[in-house]
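Coordinates in review
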Amino acid sequence: MKIHKFDVVKLKDKNKATILDVKEDGYLAEIVNSIGETLGNKIISDNDIDKIIFSKF
């Protein structure tokens, strides 16, 4: 699965994330829970991602 900057993805833990930057070891993402609260930024990997919700391409 090809992930790009500013894609919105659903994580396996049911949270959503906006990809802020593509790194060599994963993706820098802003994590948001189901009620819209920001949980912070963290590095996620392909294994954490369930599916792409919105892609700019």
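These figures come from a predicted structure and were not determined experimentally. (Residues numbered from 1 in each chain as written. Predicted model: local features only at pLDDT ≥ 70, side-chain atom pairs only at ≥ 80, totals over all residues. Heavy atoms only, no water.)

Helix and strand content of the chain: 0 helices and 5 strands. Helices and strands in the chain line up, N terminus first, as β-β-β-β-β. Expected size for 57 residues packed as a compact globule is a radius of gyration near 10 Å; at 10 Å, the chain falls within 12% of this value. Viewed in the frame of its principal axes, the chain has a C-alpha envelope of about 30 × 20 × 20 Å. Sorting the 57 residues of the chain into buried and exposed places 25% on the buried side. Look at the contacts in the chain between residues 6 or more apart in sequence, and 34% of them connect residues 24 or more apart. (Helix = DSSP H or I, 4+ residues; strand = E, 2+ residues; numbered from the N terminus. Rg over C-alpha atoms; globule rule 2.2 N^0.38 Å. Buried < 20%, exposed > 50% of the residue type's maximum accessible area, 1.4 Å probe, protein only. Contact = heavy atoms within 4.5 Å.)

In this section: the pairing of strand E4 (residues 38-44). As judged from the 6 bridges shared by strand E3 (residues 27-32) and E4, these two strands associate in the antiparallel manner. Bridged to Glu30 within E4 is Asn41. In this antiparallel pair of consecutive strands, E3 and E4, the connection spans 5 residues, and Gly36 shows a positive phi of 90°. (Pairing = 2+ DSSP bridges.)

As for its position among the elements, Asp7 is in the segment before strand E1 (8-11). In this structure the side chain of Asp7 is engaged in a polar contact, spanning 3.4 Å, whose partner is the backbone nitrogen of Lys56. Contacts of Asp7, omitting those with residues within four sequence positions, involve Lys2, Ala17, Thr18, Ile19, Phe54, Ser55 and Lys56. (Polar contact = N/O pair within 3.5 Å; in protein donor to acceptor, adjacent residues only side chain to side chain.)

To continue, consider the pattern of salt bridges. Side-chain pairs of opposite charge can arise whenever the charged atoms involved come near each other. Inspection of the entire model under this criterion finds 1 salt bridge. One salt bridge in this structure joins Asp21 and Lys23, with 3.4 Å as the shortest N-O distance. The exposure class assigned to Lys23 is partly exposed, which follows from its relative accessible area of 37%. (Salt bridge = Lys/Arg side-chain N within 4 Å of Asp/Glu carboxyl O.)

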